[in-house]
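# Breakdown of the fold
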Amino acid sequence: MDYKPHVLLDEPLKIHVGHTRLHESLRKHLGYLVLGVICLSVTLLAFPMRALLPRALSKRLGRRLVTHTTRAYLHFLARMGACRFDLSALDELRDAPAMVIAPNHPCLLDAVMILSRLPDAVCIMKAELVNNVFFGAGARLAGYIRNTPLRTMVQLGVDDLANGNHLLLFPEGTRTTRFPVGAMQGTTGLIAKKAGVPVQTVFIETDSGFLGKGWSLLWTPRMPITYRVRLGKRFEPPRDTAQFVCELEHYFQSELAHAQLPDFPVKAPPT
């Protein structure tokens, strides 16, 4: 797949799409359907790849597969007028050395957006997602890390960083529950300290609460939804984990205080 830093996923539609609630509902359900098909396709590929290929090779190919499929999915959402994405800032990180990538977490699409631009990134995921019938096979193929047990998660994260990979870890530990950002966990600083790598902050902004904490899958958002990703400060490897988490939370609070974000927890959109 061709990566071009100047290309944004906000290309004009090739067909005329109305702005009625019916059209928005159709686009929402089509988006869910296509995501399900993609996840099923990845699952069907993941089982033989993991069984037949050496583990190091299958993980590398699995991460590239995730990047290509997530990127294609975001292009699909943009082309049908459901979303607009500005993810070009992430291209600066693609060839950067090992680091922990720490974004805020306003919605379920956050990991999809970041992994679509960083083909060698390892993601720390909730255990229930790794066990999920739709996402689990691809996650295990790519060598993504469960968030439990904590000791194992930390050690696997450190090992991947030692191999030169990026580690995607949401410092809030879950989707944002209060404006502008939720309480930070100490895991980000702990892993960065043990691995001796910097922490790159990333800020995700959106004008919709779609798929945020408290959003029902039955609700239909106003479209197109806009998403913008920008890079923040890159912190040196922390020495004191407790002090670092306080500094990180304060920094996120100040950077996101005037950002384009919905209220958290999100509420149903107006009819």
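Just so it is clear, the structure is predicted and the values come from calculations on it, not from any experiment.

Criteria and cut-off values
Residues numbered from 1 in each chain as written. Predicted model: local features only at pLDDT ≥ 70, side-chain atom pairs only at ≥ 80, totals over all residues. Heavy atoms only, no water. Helix = DSSP H or I, 4+ residues; strand = E, 2+ residues; numbered from the N terminus. Buried < 20%, exposed > 50% of the residue type's maximum accessible area, 1.4 Å probe, protein only. Contact = heavy atoms within 4.5 Å. Salt bridge = Lys/Arg side-chain N within 4 Å of Asp/Glu carboxyl O. Phe/Tyr/Trp six-rings, centres within 6.5 Å; stacked < 30°, edge-to-face > 60°. Core = buried A, V, L, I, M, F, W, Y, C linked by side-chain atoms within 4.5 Å. Axes fitted to C-alpha atoms, helices over the stretch in contact; angles between N-to-C directions. Parallel < 35°, antiparallel > 145°, perpendicular 65-115°, else oblique. Left-handed = near helix turned anticlockwise from the far one by under 90°. Nonpolar A, V, L, I, M, F, W, Y, C, P; charged D, E, K, R; others polar. Pairing = 2+ DSSP bridges.

## Comments concerning the overall build of the protein chain
Broken down by element type, the protein chain carries 8 helices and 7 strands. Dimensions along the principal axes, computed over C-alpha positions, put the protein chain at roughly 55 × 50 × 35 Å. Of all 271 residues assigned to the protein chain, the portion counted as buried reaches 50%. Across the protein chain, the fraction of contacts at a sequence separation of at least 24, relative to all contacts at a separation of at least 6, is 80%.

## Quick word on the pattern of salt bridges
Taken as a whole and judged by the stated rule, the model has 10 salt bridges. Of the charged contacts, one joins E247 and K233 as a salt bridge, the two residues approaching to 4.0 Å between their closest N and O atoms. Residue E247 is found in helix α8 (residues 241-256), and its partner K233 is found in strand β7 (residues 225-235); the two are separated by 14 residues along the sequence. On the accessibility criterion, E247 (36% relative accessible area) is partly exposed. Linked by salt bridges that have partners in common, E205, R228, R230 and E255 make up one network.

## So, the packing of aromatic side chains
Summed over the entire model, instances satisfying the criterion amount to 8 aromatic pairs. Pairing F203 with Y251 gives two aromatic rings, centres 5.7 Å apart and planes at 55 degrees, and the pair type is tilted. Here F203, found in strand β6 (residues 199-206), pairs with Y251, found in helix α8; they are 48 residues apart in sequence, far enough to count as distant. Pair check on accessibility: F203 and Y251 agree, each one buried. Taken together, a centroid distance of 5.4 Å and an interplanar angle of 75 degrees make the contact between W215 and W219 edge-to-face. Residue classification places W219 among the partly exposed positions, given a relative accessible area of 26%. Through a chain of ring-to-ring contacts, three or more aromatic side chains come together here, namely F203, F235, F244, Y251 and F252.

## Concerning the nonpolar core
Counting residues in each nonpolar core, the largest one holds 71 residues, and the members touching the most others are F85, V100, Y144, I191 and Y227. At 6 residues, the largest contribution of residues to this core is made by α8. Sequence-distant contacts of V100, defined by excluding residues within four places in its chain, comprise L161, L167, L169, T188, I191, A192, V197, P198, V199 and Q200. V42, A46, M49 and A137 belong to the second-largest nonpolar core, a separate cluster that totals 6 residues.

## Notes on the packing of helix α6 (residues 150-162) against helix α7 (residues 187-195)
Look at α6 against α7: their axes get within 9 Å of each other, and the N-to-C directions meet at 50 degrees. In terms of axis orientation, α6 runs oblique to α7. Two packed elements cross with a definite hand, and for α6 against α7 that hand is right-handed. Of α7, the residues touching α6 (which contributes L150, M153, V154, G157, V158 and L161) are T187, L190, I191, K194 and A195. Residue composition of the contact of α6 with α7, grouped by class: 8 nonpolar, 2 polar and 1 charged.

## Comments concerning the sheet that holds strand β3 (residues 121-125)
A sheet is described by the order of its strands in space; here 7 strands give the open sequence β1-β7-β6-β2-β5-β3-β4, paired in mixed fashion. Across the chains shown, the open sheet's two edge strands, defined by having one partner strand only, are β1 (83-86) and β4 (145-146). Direction of pairing for β1 relative to β7: parallel, over a ladder of 4 bridges. Looking at β7, one finds that F85 is bridged to Y227.

## Some thoughts on the packing of helix α1 (residues 21-52) against helix α2 (residues 55-79)
Viewed as axis vectors pointing N to C, α1 and α2 meet at an angle of 165 degrees, and their least axial separation amounts to 11 Å. When the axis of α1 is compared with that of α2, the two are roughly antiparallel. Relative to α2, α1 is oriented so that their crossing is right-handed. Every residue of α2 that contacts α1 at L30, G31, Y32, V34, L35, I38, V42, L45, M49 and R50 is listed here: R55, S58, L61, G62, L65, T69, Y73, F76 and L77. In the contact of α1 with α2, the residues fall into 13 nonpolar, 4 polar and 2 charged.

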